[in-house]
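Listed here are the chains, written in short residue letters.
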Amino acid sequence: MAVAAFVAALLGVLAAAPSQAAGYRYWSFWDRDGDTWTYASQGPGTARPEDGDVQGFRFSVSENSKEAAKPRGPADFKKICASTPAEDGRKRVGLVIDFGLPKDAPHDENPPAPRTACAQVAEDATSADALASVAKPLRYDSKALLCAIDGYPRSGCGEQVSHDSLNTERQPKADGGEGDRGPSVGLIAGAVAVALLGGAAFWQARRRRG
């Protein structure tokens with residue numbers, strides 16, 4: 001009885017434990033400074049890149065700008081825009097679009113592979129204009145927050161997510177595919193309970209035989 005009471009208390013504590021915040025799921029916006037990515041000080045709707053600039057977009061779950069994942073892959077303007085000749089009255093902007101990792105994707109979505117694009121736009125065009133010229137459809141919310149690039153993700157916009165919700169999204173699917181993370185707290189607690197109760201039954205049986 002004491003073991004059973006302990007298991008019940010353990011499960012109660014685990015169930016009552018608050019979910020830890022994982023951060024927000026969103027598209028972050030970056031400027032390329034030499035060989036380094038820096039978090040953009042303006043949004044793409046107001047930033048106006050110059051000819052030869054490289055900018056990046058990365059989809060991920062992050063707690064804040066300091067922890068945000070940076071765009072991956074090549075970010076050299078000459079390579080990105082090698083097949084796009086300069087034109088008078090227009091500028092070229094190299095874009096790195098990184099759709100992120102499966103572990104950060106919303107439920108039932110798979111991120112496309114990262115890609116680069118050379119946007120050739122009017123001299124006064126914003127970063128949002130440059131992005132729209134190469135990666136439609138874009139989706140924004142009512143506050144002009146960039147929600148989707150090239151239709152990814154299909155829904156959601158800067159929503160807060162927790163570790164628990166991420167684990168729930170990544171449970172094994174019906175086709176037998178594995179999630180991105182290990183077993184949930186509930187599954188671990190269940191295994192502990194079974195082990196403890198099994199051990200208690202074993203010792204009680206020995207006591208009866210003794």
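Owing to the predicted nature of the structure, the values given are computational and were not obtained by experimental measurement.

Undergrad: Sorry if this is basic, but what is going on with the overall build of the chain here?
TA: Along its length, the chain carries five helices and eight strands. Listed N to C, the secondary structure of the chain is α-β-β-β-α-β-β-α-β-β-β-α-α in terms of helices and strands. Considering only contacts within the chain whose residues lie at least 6 apart along the sequence, 64% involve residues at least 24 apart. With the model as given, the accessible surface of the chain reaches about 12400 Å², and the carbon-plus-sulfur share is 54%.

Undergrad: Explain the packing of aromatic side chains here, please?
TA: Aromatic rings considered in pairs are described by the distance between their centres and by the relative angle of their planes. Applying the stated criterion across every chain yields a total of six aromatic pairs. With a centroid separation of 4.9 Å and 25 degrees between ring planes, the pair formed by F29 and F57 is classed as stacked. Linking F29 in strand β1 (residues 21-33) with F57 in strand β3 (residues 54-62), this pair joins segments that are 28 residues apart in sequence. Each member of the pair F29 and F57 is classed as buried. Summarising the aromatic geometry, the rings of F59 and Y152 are spaced 5.4 Å apart at their centres and angled 75 degrees between planes, so their arrangement reads as edge-to-face. In this pair, F59 sits in strand β3 while Y152 sits in the loop between β7 (146-148) and β8 (160-162), placing the two residues 93 residues apart along the sequence. Residues F59 and Y152 agree in their burial class; the two are buried. Here the aromatic cluster, defined as three or more aromatic residues joined through ring pairs, consists of W27, F59, F99 and Y152.

Undergrad: Just checking my understanding: could you explain the nonpolar core for this structure?
TA: General note: in soluble globular proteins, nonpolar side chains tend to be found buried as a group. W27, F57, L95, I97, L131 and I149 are the most contacted members of the largest nonpolar core, which has 20 residues in total. It is strand β4 (residues 90-98) that provides the largest number of residues to this core, a total of three residues. Formed by 11 residues, the second largest nonpolar core is a distinct cluster that contains F77, I80, C81 and C118.

Undergrad: How should I be thinking about unusual backbone geometry in this particular structure?
TA: For residues besides glycine, phi is generally negative; the peptide bonds are generally trans as well. Backbone torsion omega between K136 and P137 reads 0 degrees, so that peptide bond is classified as cis. Relative to the elements of secondary structure, P137 occurs in the loop between α3 (127-134) and β6 (139-140). The linkage connecting Y152 with the following residue, P153, adopts the cis geometry, with an omega of -5 degrees. As for its position among the elements, P153 is in the loop between β7 and β8. Within the chain, A144 stands out as a residue other than glycine whose phi angle is a positive 70 degrees. When you line up the elements, A144 lands in the loop between β6 and β7. With phi around 55 degrees, D150 is a residue other than glycine that occupies positive phi space.

Rules used in this analysis
- Residues numbered from 1 in each chain as written.
- Predicted model: local features only at pLDDT ≥ 70, side-chain atom pairs only at ≥ 80, totals over all residues.
- Heavy atoms only, no water.
- Helix = DSSP H or I, 4+ residues; strand = E, 2+ residues; numbered from the N terminus.
- Contact = heavy atoms within 4.5 Å.
- Areas by Shrake-Rupley, 256 points an atom, 1.4 Å probe, with all protein chains shown as cover.
- Phe/Tyr/Trp six-rings, centres within 6.5 Å; stacked < 30°, edge-to-face > 60°.
- Buried < 20%, exposed > 50% of the residue type's maximum accessible area, 1.4 Å probe, protein only.
- Core = buried A, V, L, I, M, F, W, Y, C linked by side-chain atoms within 4.5 Å.

Shape is all these values report; function is a separate question.
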